Amino acid sequence: MEINVKDNCYIITPLSQKLTERETQRLNEELLNAQGLRAALDMSFVQDCTFDFIEEIKKYKDISLFNINSDIFAIFTSMNLDKKLKLFVSELDFLNDKHQLLNRKFSIV
């Protein structure tokens, strides 16, 4: 796990390909250290995640995620997590707090 602090932001990069219960506990401990800072997860190395990770990440309302794998992004949007979490394409978007990813689910009436 790699941790960077820049511009009042706390960025955690998990280095494992799958976020299991053990990795989720380690992330939880690190997120508790980020008090007062904007916290984000760089998901560039993550290819898969377990239900434990999804349930734990739902508890945080002020966390952001970026560099998300398309499979994980599809799960997040189907569970409407894009409405609860801030999802970004890149680290630059997170640092600037612009270009948030949203699934609008428009329908023709």
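Residues numbered from 1 in each chain as written. Predicted model: local features only at pLDDT ≥ 70, side-chain atom pairs only at ≥ 80, totals over all residues. Heavy atoms only, no water.

Q: Sorry, what's going on with the packing of aromatic side chains here?
A: Two aromatic rings, taken as a pair, are described by how far apart their centres are and by the angle between their planes. Summed over the entire model, instances satisfying the criterion amount to 2 aromatic pairs. Ring plane angle 20° and centroid distance 5.8 Å describe the contact between Phe66 and Phe94, whose orientation is recorded as stacked. One end of the pair, Phe66, is in strand β6 (residues 63-66); the other, Phe94, is in helix α4 (residues 91-96), and 28 residues separate them in sequence. On the numbers, 6.0 Å between centres and 65° between planes, the contact of Phe88 with Phe94 is edge-to-face. Through pairs of rings, three or more aromatic residues link up here, namely Phe66, Phe88 and Phe94. Over the aromatic face of Phe94 sits the side chain of Arg38, whose NZ or CZ is 4.4 Å from the ring centroid. (Phe/Tyr/Trp six-rings, centres within 6.5 Å; stacked < 30°, edge-to-face > 60°. Helix = DSSP H or I, 4+ residues; strand = E, 2+ residues; numbered from the N terminus. Lys NZ or Arg CZ within 6 Å of the ring centre and 35° of its normal.)

Q: Got a minute to help me understand the nonpolar core in this structure?
A: Nonpolar side chains in soluble globular proteins generally cluster together in the buried interior. Grouped together as the largest cluster of nonpolar side chains are 23 residues, with contacts concentrated most on Leu41, Met43, Phe53, Ile63, Leu65 and Phe76. Residue assignment for this core shows that the elements contributing at least two residues are β2 (9-13), α1 (21-32), β4 (38-42), α2 (51-58), β6 and α3 (70-78). Tallying contributions element by element places α2 first for this core, with 3 residues. In contact with Leu41, not counting residues within four places along its chain, are Ile12, Leu27, Phe53, Ile57, Ile63, Ser64, Leu65 and Phe66. Within the second largest apolar cluster, 6 residues are counted, among which are Cys9, Ile11, Ala40 and Phe88. (Core = buried A, V, L, I, M, F, W, Y, C linked by side-chain atoms within 4.5 Å. Buried < 20%, exposed > 50% of the residue type's maximum accessible area, 1.4 Å probe, protein only. Contact = heavy atoms within 4.5 Å.)

Q: Looking at this structure, how should I read the packing of α1 against α2?
A: What describes two packed helices is the angle between their axes and the distance between those same axes. Packing of α1 against α2 brings their axes to within 8 Å, and their N-to-C directions diverge by 20°. Taken together, the axis directions place α1 and α2 in an arrangement best described as roughly parallel. Judged by the sense of rotation from one axis to the other, the crossing of α1 with α2 is right-handed. Across the interface between the two elements, Glu21, Thr24, Leu27 and Asn28 of α1 pack against Asp52, Phe53 and Glu56 of α2. Taken together, the residues of the contact of α1 with α2 sort by class into 2 nonpolar, 2 polar and 3 charged. (Axes fitted to C-alpha atoms, helices over the stretch in contact; angles between N-to-C directions. Parallel < 35°, antiparallel > 145°, perpendicular 65-115°, else oblique. Left-handed = near helix turned anticlockwise from the far one by under 90°. Nonpolar A, V, L, I, M, F, W, Y, C, P; charged D, E, K, R; others polar.)

Q: Help me out: how do you make sense of the side chain of Asp42 in this one?
A: Following the sequence through the fold, Asp42 ends up in strand β4. The side chain of Asp42 is buried and forms no salt bridge, while Lys6, the nearest opposite charge, is found at 8.5 Å. Within the structure, the side chain of Asp42 is placed 3.2 Å from the backbone nitrogen of Ser44, a separation counted as a polar contact. The contacts of Asp42, once residues within four sequence positions are left out, are Ile11, Ile12, Thr13, Pro14, Phe66 and Asn67. (Lys, Arg positive; Asp, Glu negative; His and termini not counted. Salt bridge = Lys/Arg side-chain N within 4 Å of Asp/Glu carboxyl O. Polar contact = N/O pair within 3.5 Å; in protein donor to acceptor, adjacent residues only side chain to side chain.)

Q: Before we go on, may I ask you to explain the pairing of strand β1 (residues 2-6) in this structure?
A: For a regular strand, the rule is simple: side chains alternate between the two faces of the sheet. The pairing of β1 with β2 spans 5 bridges and is antiparallel. Looking across to β2, one finds that Ile3 is bridged to Ile12. With antiparallel pairing between neighbouring strands as the criterion, β1 and β2 make up a hairpin whose turn holds 2 residues, including Asp7 at a positive phi of roughly 50°. (Pairing = 2+ DSSP bridges.)

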